[in-house]
Amino acid sequence: MLPLVALVGRPNVGKSTLFNALTRSRDALVHDQPGVTRDRNYGVCRPEGKPAFAVVDTGGIAGEDEGLAGATARQARAAAEEADLVLFVVDGREGASSLDDDILKWLRKTARPTVLVVNKTDGLDAQAAMNDFARYGFSDVVAVSSAHRQGIDDLIDHSLARL
Ligand code: GDP
Ligand code: MG
């Protein structure tokens, strides 16, 4: 069985776009509306000349425990718990939000190895975007632009080093 990498983060940070970049597919629904990805969506990343790994895209974690958003959050937590590695995806344009803080709290509880992925850094000072999340204390931080496929190979290398 392939090792499993879970994409976790609040709605709209670009998890599904990253899923597509990693799996080179258009399977994941990408949408401007938060909450489009409600179920877990599995794919495989097959980097050239490197080991393959499975990727699971999850719905955004919207914070509520009731209704559909709650069900989506539970799915995301279940995906993180079964994963060998979590990619905690955040939005480099918007910076750290209280929802990111909340996700970080339960991610720490799952105690899965985690890489912080600062997405949407196209046209941004990537270092400044990453600095906004410095207080999260991650040793493994990668800046990417999923939409422009920038930093994806670097992210794959970081992920493989943790698998
Ligand atoms: P999800 O809710 O976390 O799965 O986010 P989506 O992948 O659906 O993306 C949400 C929005 O962010 C869409 O409008 C994407 O086109 C946009 N987006 C995703 N990745 C990037 C990126 O690297 N750069 C920019 N500028 N926009 C992005
Ligand atoms: Mg999505």
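Report follows, based on the coordinates. Source: prediction; values computed, not measured. (Residues numbered from 1 in each chain as written. Chains lettered and ligands numbered in written order. Predicted model: local features only at pLDDT ≥ 70, side-chain atom pairs only at ≥ 80, totals over all residues.)

**Regarding the pairing of strand E1 (residues 4–8)**
Inference 1: For E1, the buried fraction is high: four of the five residues fall into the buried class.
Inference 2: Bridging between E1 and strand E3 (residues 53–57) involves four bridges; their strand directions are parallel. What sits directly across from Leu7, in E3, is Asp57. (Buried ≥ 20, exposed ≤ 12 C-beta atoms within 10 Å, placed from the backbone. Helix = DSSP H or I, 4+ residues; strand = E, 2+ residues; numbered from the N terminus. Pairing = 2+ DSSP bridges.)

**Comments concerning helix H5 (residues 152–162)**
Inference 1: If you check which residues of H5 are buried, you get Leu155, Ile156 and Ser159. One face of H5 carries all of its buried residues, which in axial projection span an arc of 100°. When the buried face of H5 is taken as reference, the exposed residues oriented beyond 90 degrees from it are Asp154, Asp157 and Ala161.
Inference 2: Tucked into the core, H5 has its buried residues touching E1, strand E2 (41–45), E3, strand E4 (85–91), strand E5 (114–119) and strand E6 (141–143). (Arc of directions from axis to C-beta. Contact = placed C-beta atoms within 7 Å.)

**Regarding the sheet that holds E1**
Inference 1: The strand order across the open sheet formed by six strands is E2-E3-E1-E4-E5-E6, and the pairing between neighbours is mixed. Pairing within the sheet leaves two strands with one partner each, and these edge strands are E2 and E6. Taking the axes of each pair of neighbouring strands and ignoring which way they run, one obtains an average angle of 25° across the sheet.
Inference 2: Sitting on the sheet, helix H3 (residues 98–110) touches E1, E4 and E5, and the angle it makes with E4 is about 170°. (Axes fitted to C-alpha atoms, helices over the stretch in contact; angles between N-to-C directions.)

**So, the nonpolar core**
Inference 1: Ala6, Leu7, Val8, Val86, Phe88, Val89 and Val117 are the most contacted members of the largest nonpolar core, which totals 36 residues.
Inference 2: The dominant element in this core, judged by the number of residues it contributes, is E4, at six residues.
Inference 3: When near neighbours in sequence (up to four residues on either side) are disregarded, Val117 contacts Leu87, Phe88, Val89, Val142, Val144 and Leu155. (Core = buried A, V, L, I, M, F, W, Y, C linked by C-beta atoms within 7 Å.)

**Observations concerning unusual backbone geometry**
Inference 1: Positive phi values are uncommon outside glycine, yet Asn12 reaches one of about 75°.
Inference 2: Its place among the elements puts Asn12 in the loop between E1 and helix H1 (15–23).
Inference 3: Overall, Asn12 belongs to the partly exposed group, with 17 C-beta atoms counted inside 10 Å.
Inference 4: With a phi angle near 55°, Arg149 is a residue other than glycine that sits in the positive phi range.
Inference 5: Relative to the helices and strands, Arg149 is located in the loop between E6 and H5.

**Here's the deal with the pairing of E3**
Inference 1: The element E3 is extensively covered by neighbouring structure, given that four of its five residues are classed as buried.
Inference 2: Note: E2 against E3, five bridges, orientation antiparallel. Among the inter-strand pairings, Val44 is bridged to a residue of E3, identified as Ala54.

**Digging into H1**
Inference 1: With respect to burial, H1 is a largely interior element, eight of its nine residues being buried.
Inference 2: Where H1 is buried, its residues touch E1, E2, E3, E4, E5 and H5.
Inference 3: Positive phi appears at Arg24, one or two residues downstream of H1, with a value of about 50°.

**Description of the environment of Lys15**
Inference 1: Structurally, Lys15 can be placed in helix H1.
Inference 2: For the pair Lys15 and Leu124, spaced 109 residues apart in the sequence, the C-alpha separation amounts to 19 Å.
Inference 3: The residues contacting Lys15, other than those within four sequence positions of it, are Leu7, Gly9, Asp57, Thr58 and Val89.

**Quick word on the environment of Ile103**
Inference 1: You can see Ile103 is positioned in helix H3.
Inference 2: When the C-alpha atoms of Ile103 and Arg77 are compared, they prove to be 9.5 Å apart, with 26 residues separating the residues in sequence.

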